[in-house]
Amino acid sequence: MSLFGEEPRVKPQPATTTGRVEIFFDGGCLGNPGQKYGSFQVLFDGKQVASRDRAQFGHGTNNEAEFNSLKLALDEAVAWL
């Protein structure tokens, strides 16, 4: 279950990988504190399996937005594994 109460956006299929998983993520906010947002991309062996642009996380700080983006990316990656 996701930190934000939502399940992964796609119905993941089990993915085979040689073991290389990369996660790119970023978060920010409008004002600090302010409205938090973030995005991420998950790659297995260099192939994108999940991504999200401009997810909204509510009110908080820039640091919280960074961690929220990472947590959401990890939730999606685990769903694929």
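Scroll up a little and you will see the structure.
Quick caveat: nothing in here was measured; it's all calculated off a predicted structure.

Conventions and cut-offs
Residues numbered from 1 in each chain as written. Predicted model: local features only at pLDDT ≥ 70, side-chain atom pairs only at ≥ 80, totals over all residues. Heavy atoms only, no water. Core = buried A, V, L, I, M, F, W, Y, C linked by side-chain atoms within 4.5 Å. Buried < 20%, exposed > 50% of the residue type's maximum accessible area, 1.4 Å probe, protein only. Helix = DSSP H or I, 4+ residues; strand = E, 2+ residues; numbered from the N terminus. Contact = heavy atoms within 4.5 Å. Salt bridge = Lys/Arg side-chain N within 4 Å of Asp/Glu carboxyl O. Pairing = 2+ DSSP bridges.

Q: Could you give me a rundown of the nonpolar core, with the residues and numbers involved?
A: Among the nonpolar cores identified, the biggest contains 11 residues, and these are Phe 40, Val 42, Phe 44, Val 49, Ala 50, Ala 55, Phe 57, Leu 72, Ala 73, Ala 77 and Trp 80. Put simply, the parts of the chain that give this core at least two residues each are strand S2 (34–44), strand S3 (47–60) and helix H1 (62–80). Residues in contact with Ala 50, not counting those within four places in the same chain, are Phe 40, Gln 41, Val 42, Glu 76 and Trp 80.

Q: Kindly report on the pattern of salt bridges, identifying the contributing residues and their values.
A: Scanning the model with the defined rule gives four salt bridges in all. Notably, a salt bridge pairs Glu 64 with Lys 36, separated by 3.8 Å at the nearest N-O pair. One end of the pair, Glu 64, is in helix H1; the other, Lys 36, is in strand S2, and 28 residues separate them in sequence. Of the residues examined, Lys 36 reaches a relative accessible area of 8% and is grouped as buried.

Q: Please give an account of the pairing of S3 that cites residues and values.
A: A regular strand places its side chains so that they alternate between the two faces of the sheet. Inspection of the sheet shows S2 paired to S3 by 10 bridges, in the antiparallel sense. Each residue of the ladder has a partner; that of Tyr 37, found in S3, is Gln 56.

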